[in-house]
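# Topology and contacts: notes
Each chain is listed here by its residues.
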Amino acid sequence: MSTHDVINPATEERVDAVDLLGVDETDEAIAAATVAQRTWAALAPADRGRLMRRFADVVDGHIDELARLEIANSGHTLGNATGEASNVRDVLHYYSAAPERLLGQQIPVAGGLDVTFKEPLGVVGIIVPWNFPMPIAGWGLAPALAAGNAVVLKPAELTPLTAIRLGELAREAGIPEHVLTILPGKGSVVGERFVTHPDVAKVCFTGSTAVGQRIMRGAADRIKRITLELGGKSANIVFEDADIAAAAAAAPMAAFDNAGQDCCARSRILVQRSVLDSFMERFETAVKDIVVDDPALGGTQMGPLVSSGQREAVRGFVEDAHEDVDIAFRGSAPQGAGWWYPPTVVLPTGTQDRIWREEIFGPVVAVLPFDDEEDAIAKANDTDYGLSGSIFTQDVGRAIRVSRAVEAGNLSVNSHASVRYSTPFGGFKQSGLGRELGPDALDSFTEIKNVFIAT
Ligand code: NAD
């Protein structure tokens, strides 16, 4: 069995070593989950809900520990890591009410009684990326378990520690053995096996669009259910009638939070030409004020990138790019050990530039001007992605028109907040398939069964 050394991105020191599982261990876990799922689904709904509330409470008692683990493993800031651990607790609480509310319908028919049931799928495979290890695990496992499924979950190779700990906390809370199994391993081994294994009924994947396409192709062989949460290149549109000071103050962290390693990052800023200068002046001050430092310190706003490879990938878009990239201004970054990269604002020559079109997944944001509402919408939609977006304007009519016109799953007006556990989240176009979170997520972890009883 091979192992993976977990490295602290802020110090480059080894934190831990994790065994990478193979196909045989994955198959054993899926076989055990298949058996455990039947007992889990047969529990009284109130008991399943109670166990999920206990799981939430145990997570709540370990928020600080989970946050510290994420800071060491992923370089997330203290504020973010604490929020991410709290998010797992909240998602578990939210879906703990679901077992007793998985309502079906009674449909009027002749000659009998017709009712529908929401049946669990069986074993669900969840594949998690490295950028938000805890929340993305929680968004999959909580509704899946609530609906009566067993879960096998593969964390990303780089960031397995918090998922492994969550698996232990589930057992501590009384979630039965094999109902939730964490399987650290390679995507090409454990992840692929979720796709090919006949007893995994559904794969819930978050990650790059390229791997998502591969999973979709593989799932076709068995008509396997899938949810895909993929890449993004979201637009932040600032109109001339907006509160420009507020828009400029909010724009940096909308792009640089989690060092830009965020599928919802507003990595394209579109500013109406008439207010471009006044926006850029304020934006520059705000970018230079970002505190990039040791993520464990309370005042830090941005930490390092997750790995040296990710930093090289980001550099490849800016410093080592084939095309000349015009850097408008940059924030700061610590020197020395750690995979640091400064917040960077670039000015593309037009919408065909690679830096404007491709997901960089690092602290780089591109700014382009637009002329009018029609031009803003056209430029915002000129992308294969469609995950999130923001609109800054004081005109209510325009806010509604543009929100309806932008082809993306999650839009915010005069705000960049796009993910809440109680509202649906997911992408248009190549940003994904299906929705997570909110009241409807349970539908993607159940099958509707119709039963007719002759009277
Ligand atoms: P990635 O696609 O490389 O890996 C994601 C996960 O898939 C990892 O666990 C990996 O091991 C696994 N994997 C890799 N190859 C596989 C295969 N052949 N079969 C099965 N599993 C496989 O992505 P990443 O670099 O870890 O994450 C960054 C990407 O995730 C970005 O594109 C980002 O936009 C996207 N993302 C999207 C959302 C969203 O909700 N839409 C959220 C977070 C991240």
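The rules behind these values
Residues numbered from 1 in each chain as written. Predicted model: local features only at pLDDT ≥ 70, side-chain atom pairs only at ≥ 80, totals over all residues. Heavy atoms only, no water. Near = heavy atom within 4 Å. Polar contact = N/O pair within 3.5 Å; in protein donor to acceptor, adjacent residues only side chain to side chain. Areas by Shrake-Rupley, 256 points an atom, 1.4 Å probe, with all protein chains shown as cover. Helix = DSSP H or I, 4+ residues; strand = E, 2+ residues; numbered from the N terminus. Nonpolar A, V, L, I, M, F, W, Y, C, P; charged D, E, K, R; others polar. Domains from an automatic or database assignment. Phe/Tyr/Trp six-rings, centres within 6.5 Å; stacked < 30°, edge-to-face > 60°. Buried < 20%, exposed > 50% of the residue type's maximum accessible area, 1.4 Å probe, protein only. Lys NZ or Arg CZ within 6 Å of the ring centre and 35° of its normal. Axes fitted to C-alpha atoms, helices over the stretch in contact; angles between N-to-C directions. Parallel < 35°, antiparallel > 145°, perpendicular 65-115°, else oblique. Left-handed = near helix turned anticlockwise from the far one by under 90°. Contact = heavy atoms within 4.5 Å. Buried area = accessible area lost by both parts, 1.4 Å probe.

What surrounds the ligand is a group of 28 residues, the closest being Val 128, Glu 157, Ser 208, Leu 230 and Glu 359. Between the ligand and Ser 208, the relevant distance is 2.6 Å, taken from an oxygen atom to a side-chain nitrogen or oxygen of the residue. Summarising the interface, the protein chains cover 89% of the accessible area of the ligand, which totals 850 Å² for the free molecule. Elements represented by at least two residues in the shell around the ligand include exactly helix H7 (187-196), strand S8 (200-206) and helix H8 (209-220). For the shell around the ligand, the class distribution of residues is 15 nonpolar, seven polar and six charged. Composition of the shell around the ligand by domain shows at least three residues from each of domain 1 (2-230 + 431-454) and domain 2 (235-420).

The phi angle at Glu 12 is positive, at roughly 65°, despite the residue not being glycine. Checked against the element boundaries, Glu 12 lands in the loop between strand S1 (3-7) and strand S2 (14-19).

This brings us to the packing of aromatic side chains. Within the structure shown, the criterion is met by seven aromatic pairs. Considering the side-chain rings of Trp 139 and Phe 425, the 5.6 Å spacing of their centres and the 70° angle between planes classify their relative orientation as edge-to-face. Of this pair, Trp 139 sits in helix H5 (residues 133-146) while Phe 425 is found in the loop between strand S16 (410-413) and strand S17 (432-433), placing the two residues 286 residues apart along the sequence. With respect to burial, Trp 139 and Phe 425 carry one shared label: buried. Put simply, the rings of Tyr 94, Tyr 95 and Tyr 421 pair up and form one aromatic cluster. The side chain of Arg 354 reaches across the aromatic face of Phe 317, ending 4.1 Å from its centre.

So, about the packing of helix H2 (residues 45-60) against helix H4 (residues 78-96). Contact pair H2 / H4: the axes reach a minimum separation of 8 Å and the direction vectors enclose 165°. With respect to their mutual orientation, H2 and H4 come out roughly antiparallel. The two elements H2 and H4 meet at a crossing, and its hand is left-handed. Facing H2, whose interface residues are Gly 49, Met 52, Arg 53, Phe 55, Ala 56, Asp 57, Val 59 and Asp 60, H4 presents Ala 85, Val 88, Arg 89, Leu 92, His 93, Tyr 95 and Ser 96. Its residues assigned to classes, the contact of H2 with H4 shows eight nonpolar, three polar and four charged.

Entries for the chain in the domain assignment read domain 1 (2-230 + 431-454) and domain 2 (235-420). Computed from C-alpha coordinates alone, the two centres of domain 1 and domain 2 are separated by 30 Å. Listed as interface residues are 26 residues of domain 1 and, on the opposing side, 30 residues of domain 2. For the pair domain 1 and domain 2, the summed buried area comes to about 2100 Å², and 61% of that belongs to carbon and sulfur atoms.

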